[in-house]
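Structural overview
Residues per chain, in single letters:
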Amino acid sequence: MDGKRSVRAVAACVVLALVGCAGCVGGGPRLEGVVVASPSARGPLDRPAAEVQAAVARVWPRTAALWPGVDLSGHHVLLTDGERGWLVDAVGMSRVGAADLERAGVDVPAPGGAERTTWRGERTVVVRPPAGARAQDDPVAAGLELFALATRAAFVPPGQDASAAAGGERLQTYPLEAEPRMVRAMIHDSLLAAYQRPGERAERLAAAAYWNEQWVRRFPAEAKGSAEADLRVGAAAYFARYAVAMAAADDPAEHLMTTLRPLAGEPAEDPAGEAGAIGTVALLNADVLGLGVKERLLREGVPPVDAVLTELTDVEPVRQTVPEAVREAVERSTAERNERLGRAIGPFTRAMEDDGRPLLMLPAGSGRVVGEGLFTTEELPVDAVVPGGRGRFVLESGTLTLDGVTVARMPGPDGGAYVAVPLDQDGEGVSLAGDRLTLAGGGLRGAVDVRVAEDGGRTVLHAR
């Protein structure tokens, strides 16, 4: 194909690219950091916020060198626990109080979440630390984790709609199967080896080409369904991972060389994590090989691994086998994840099938819920089950937050899209007085007006 490159043709540039040579594409710039003094530790967010500010100052003014056209220099980070926090940019940081958040009407995400918004007219990412995070024990690590969340959320390539850039969700069938995860792990680990071992690059890329071919041939439905996630989540994960390396080290490429780990043997990933890991190592190979795939990746709708492999003339698939240790590790991690998911999906399935439990229906357009992925199961006729869902729903009559609550996405009797939550009518923290529903337990908080209806003998509460 015209325009294809040879691995050998770019081999002379590889070593120079890894140390940031200005004459080679994608090696990553060497950066001088901007360091601010840590604030006095008056709150759990103070020291991590200082680390976030240092990382933002060091990296965000230079993101166009990482991904053409992506300039985060004027963006802000609002780091908050929902009550107070810090506003951070490349210049400095300032405290934000509860009254400031209330006046601005900021929609604070669930713990561990990050959302794009505006703050006093400025482009901002709101970041909420994960629940139970012990930031004071290691504020540097906590700060880099929060910086990664913010950077990933802020990443919108040129010409892309912000909502499209956040795409990547796809359905999985529960219980999970191990075989497709093995193939995906081998794609990732072959690409990682190609990046970390320049002397073996050609043969490792040939292995990646084989496993990618197997992925498309043996699991066509899943491969087609994951293409969007592989593209968008993979690009965003690479961008955030490299940005963290830029913040943490003078030589980002060398930092990545020594810190990236194989996917095989790790706990079974959800599709977004798997897609992000594969996209990251595919684009790192594009960097060291000088392949300009970033400029056309999203425009052409090609997943990173496909873009890299089709760019090279001398990479042909070479038959491989799954090492026994990898097979055992992936089977074990898949079984463990099935067991973990079962602890959420099993009780939820029984609750959904219990007509004695009222069913709360939240209009999908009033909020967003994220969890451990989207799952279908033979037992439930719903669009998707979201285990451990976290989110916030803002309706005309009030607000509800979910934290660790398994929910279903499903159509309602009016044909609209809803998030369904079975309630324990006699449970603690559930109160229905007239048309006012108040929730204060089991991961549900808030109060909204509801329209009470009956559907096949079951009480259905439509939030409004």
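All of the points below concern the structure found in this document.

Cut-offs applied
- Residues numbered from 1 in each chain as written.
- Predicted model: local features only at pLDDT ≥ 70, side-chain atom pairs only at ≥ 80, totals over all residues.
- Heavy atoms only, no water.
- Helix = DSSP H or I, 4+ residues; strand = E, 2+ residues; numbered from the N terminus.
- Buried < 20%, exposed > 50% of the residue type's maximum accessible area, 1.4 Å probe, protein only.
- Salt bridge = Lys/Arg side-chain N within 4 Å of Asp/Glu carboxyl O.
- Polar contact = N/O pair within 3.5 Å; in protein donor to acceptor, adjacent residues only side chain to side chain.
- Pairing = 2+ DSSP bridges.
- Axes fitted to C-alpha atoms, helices over the stretch in contact; angles between N-to-C directions.
- Contact = heavy atoms within 4.5 Å.
- Expected span 1.5 Å × (residues − 1).
- Parallel < 35°, antiparallel > 145°, perpendicular 65-115°, else oblique.
- Left-handed = near helix turned anticlockwise from the far one by under 90°.
- Core = buried A, V, L, I, M, F, W, Y, C linked by side-chain atoms within 4.5 Å.
- Phe/Tyr/Trp six-rings, centres within 6.5 Å; stacked < 30°, edge-to-face > 60°.
- Patch = residues over 30% accessible without salt bridge, like charges linked within 9 Å, V, L, I, M, F, W, Y side chains within 5 Å.
- Areas by Shrake-Rupley, 256 points an atom, 1.4 Å probe, with all protein chains shown as cover.
- Lys, Arg positive; Asp, Glu negative; His and termini not counted.
- Charge placed at Lys NZ, Arg CZ, Asp CG, Glu CD.

1. A closer look at the overall build of the protein
Scanning the protein for helices and strands turns up 13 helices and 16 strands. Out of the 464 residues belonging to the protein, those deemed buried represent 51%.

2. Brief notes about the pattern of salt bridges
For the structure on display, the rule yields 25 salt bridges. Ionic pairing is found between D250 and R58, a salt bridge with its closest N-O pair at 3.0 Å. Separated by 192 residues along the polypeptide, D250 in the loop between α8 (220-248) and α9 (252-259) and R58 in helix α2 (residues 46-59) bring together distant segments of the chain. For D250, a relative accessible area of 49% corresponds to the partly exposed category.

3. Some details on the environment of R458
Note that R458 resides in strand β16 (residues 458-463). Between the C-alpha atoms of R458 and L359, which are 99 residues apart in sequence, the distance is 7.7 Å. Within the local environment of R458, its side chain forms a polar contact with the backbone oxygen of R357, the two atoms lying 2.7 Å apart.

4. What about the sheet that holds strand β5 (residues 122-127)?
Pairing between the strands of a sheet comes from backbone hydrogen bonds, and it takes one of two forms, parallel or antiparallel. The 5 strands lie next to each other as β3-β2-β1-β5-β4, forming an open sheet whose pairing is mixed. Strands at the two margins of the open sheet, each flanked by one partner only, are β3 (93-96) and β4 (114-119). Each neighbouring strand pair of the sheet contributes to a mean axis angle of 25°, computed without reference to strand direction. Of the strand pairs in this sheet, strand β2 (residues 85-88) and β3 are connected by 4 bridges, and their pairing is antiparallel. The residue of β3 that forms the bridge with L87 is S94. The strands touched by helix α4 (residues 139-154) within the sheet are β1 (76-80), β4 and β5, with β5 carrying the most contacts at an inclination of about 135°.

5. Here's the deal with the environment of L72
Position of L72 among the secondary structure elements: in the loop between α2 and β1. On a C-alpha basis, the gap between L72 and A154 in space is 7.6 Å, while along the polypeptide they are 82 residues apart. Apart from residues no more than four positions distant in its own chain, L72 is found in contact with W60, T63, A154 and F239.

6. Some thoughts on helix α7 (residues 201-218)
For an α-helix, 3.6 residues make a turn, and residues three or four places apart therefore share a direction. When the terminal C-alpha atoms of α7 are compared, their 25 Å separation across 18 residues agrees well with the 26 Å that a helix rising 1.5 Å per residue should span. Along α7, the positions that sit buried rather than exposed are R201, L205, A206, A207, A208, A209, Y210, W211, N212, Q214 and W215.

7. A closer look at the packing of helix α6 (residues 178-196) against helix α13 (residues 324-353)
Contact geometry for α6 and α13: axes closest at 9 Å, N-to-C directions at 125°. Viewed along their axes, α6 and α13 adopt a mutual orientation that is oblique. Crossing angle aside, the handedness with which α6 passes α13 is right-handed. Contacts from A178, E179, R181, M182, A185 and M186 of α6 reach α13 at V326, R327, V330, E331 and T334.

8. Side note on the nonpolar core
Counting 80 residues, the largest nonpolar core has W60, W67, F147 and L191 as the members making the most contacts within it. It is α8 that contributes the most residues to this core, 12 residues altogether. With residues near it in sequence (within four places) discarded, W60 still touches A55, D71, L72, S73, H75, H76, V77, F147, A150, T151 and A154.

9. Some remarks on the packing of aromatic side chains
Think of a pair of aromatic rings as described by two things: how far the centres are apart, and how the planes are tilted against each other in angle. Applying the stated criterion across every chain yields a total of 7 aromatic pairs. On the numbers, 5.1 Å between centres and 75° between planes, the contact of W67 with F155 is edge-to-face. Here W67, found in the loop between α2 and β1, pairs with F155, found in the loop between α4 and α5 (162-165); they are 88 residues apart in sequence, far enough to count as distant. Taking relative accessible area as the criterion, W67 reaches 1% and is therefore assigned buried.

10. A few points about the pairing of β2
Pairing of β1 with β2 involves 4 bridges; the strand directions are antiparallel. From the neighbouring strand, V77 faces β2, where its bridge partner is V88. A loop of 4 residues connects β1 with β2, the two strands running antiparallel in sequence, and G82 in this loop sits at a positive phi of about 100°. With antiparallel pairing between neighbouring strands as the criterion, β2 and β3 make up a hairpin whose turn holds 4 residues.

11. A look at unusual backbone geometry
For residues besides glycine, phi is generally negative; the peptide bonds are generally trans as well. Across the junction of Y174 and P175, the peptide omega takes the value 0°, indicating a cis bond. With respect to the secondary-structure elements, P175 resides in the loop between β6 (171-173) and α6. Not every positive phi belongs to a glycine, and R120 is a case in point at roughly 50°. Here R120 is to be found in the loop between β4 and β5.

12. Considering a negative patch on the surface
On the surface, D354, D355, E454 and D455 cluster together to form a negatively charged patch. With respect to the helices, strands and loops of the structure, E454 is situated in strand β15 (residues 444-455). Classification of E454 by relative accessible area gives exposed; the value is 56%.

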